[in-house]
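Notes for the structure review
Listed here are the chains, written in short residue letters.
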Amino acid sequence: ANFGWEDWAMLQLRFELHLLVHSFRADVNDPERPSFHEAHLCHYYQKYFKKNLSPRSFGVSTNAELLALIKDTAELAAKCPVLEPQLSDDTPLENFVRLTEDHRRDRQCRCDAGDEN
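Let us look at the pattern of salt bridges. In this structure the tally under the stated criterion is 7 salt bridges. Across the pair Asp106 and Arg110 runs a salt bridge, and its minimum N-O distance is 3.3 Å. Of this pair, Asp106 and Arg110 are both found in helix α4 (residues 93-112), 4 residues apart, which corresponds to roughly one turn of the helix. Its relative accessible area of 27% is what places Arg110 among the partly exposed residues.

Encoded structure:
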């Protein structure tokens, strides 16, 4: 993989949000509350990782747009905007690297084709 700084940032985001959603579920241990509302994402990120999460650092302005960048790892539920994990809690780190590499290749192909988004 030819990872640049942005790829490492996306890998870290994928893995940390994966851990966050599964850790929250285990900590709360309540089947009626399996996750949290996307509006509380930055709060729980701060609580669990002791650092701030800013969607603007990833070129987006909302938590929903941030989650859309990593929809293969965590996404918003259809009926209400709570975070849902897309991978099992025992997913190996290699899978996150592979997802990030796939995203990097897709982004590179789009850039080569002239898409600036």
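Glancing now at α4. An α-helical turn contains 3.6 residues, so a residue and the one three or four places further along point in the same direction. Its 20 residues place the ends of α4 29 Å apart at the C-alpha level, agreeing with the 28 Å of an ideal helix rising 1.5 Å per residue. Buried residues of α4: Phe96, Leu99, Thr100, Glu101 and Arg104, and no others. In this fold, the buried residues of α4 make contact with α1 (5-28). Once α4 ends, the next one or two residues include Gly114, with phi positive near 100°.

Our focus in this paragraph is the packing of α1 against α4. The N-to-C vectors of α1 and α4 enclose an angle of 135°; their axes lie 9 Å apart at closest approach. The angle between α1 and α4 places the two elements in the oblique class. In this structure, α1 meets α4 at a crossing whose hand is right-handed. Residue-level contacts link Glu6, Asp7, Met10, Leu11, Arg14, Phe15 and His18 of α1 to Leu93, Phe96, Val97, Leu99, Thr100, His103, Arg104 and Arg107 of α4. Considering only residue class, the contact of α1 with α4 consists of 7 nonpolar, 3 polar and 5 charged.

Scored by pLDDT, the protein chain has a mean of 90; 97% of the residues are at 70 or more. The least confident element of the protein chain is strand β1 (residues 74-76), whose mean pLDDT is 88; the most confident is helix α2 (residues 41-49), at 95.

What follows deals with unusual backbone geometry. Unlike most non-glycine residues, Asn29 shows phi in positive territory, near 50°. With respect to the helices and strands, Asn29 occurs in the loop between α1 and α2. Since its relative accessible area comes to 64%, Asn29 is described here as exposed. The phi dihedral of Lys50 falls on the positive side, at around 60°, and the residue is not glycine. Counting through the fold element by element, Lys50 comes out in the loop between α2 and α3 (63-69).

We now examine the packing of α1 against α2. Across the interface, α1 lies against α2 with an axial gap of 11 Å and an inter-helix angle of 85°. What the angle tells us is that α1 and α2 run roughly perpendicular. Where α1 approaches α2, its residues Glu16, Leu17, Leu19, Leu20, Ser23, Phe24 and Asp27 are matched on the opposing element by Leu41, Tyr44, Tyr45, Tyr48 and Phe49. Tallied by class, the residues present in the contact of α1 with α2 amount to 9 nonpolar, 1 polar and 2 charged.

Definitions and cut-offs
- Residues numbered from 1 in each chain as written.
- Predicted model: local features only at pLDDT ≥ 70, side-chain atom pairs only at ≥ 80, totals over all residues.
- Heavy atoms only, no water.
- Salt bridge = Lys/Arg side-chain N within 4 Å of Asp/Glu carboxyl O.
- Helix = DSSP H or I, 4+ residues; strand = E, 2+ residues; numbered from the N terminus.
- Buried < 20%, exposed > 50% of the residue type's maximum accessible area, 1.4 Å probe, protein only.
- Expected span 1.5 Å × (residues − 1).
- Contact = heavy atoms within 4.5 Å.
- Axes fitted to C-alpha atoms, helices over the stretch in contact; angles between N-to-C directions.
- Parallel < 35°, antiparallel > 145°, perpendicular 65-115°, else oblique.
- Left-handed = near helix turned anticlockwise from the far one by under 90°.
- Nonpolar A, V, L, I, M, F, W, Y, C, P; charged D, E, K, R; others polar.
- pLDDT = per-residue confidence, 0-100.

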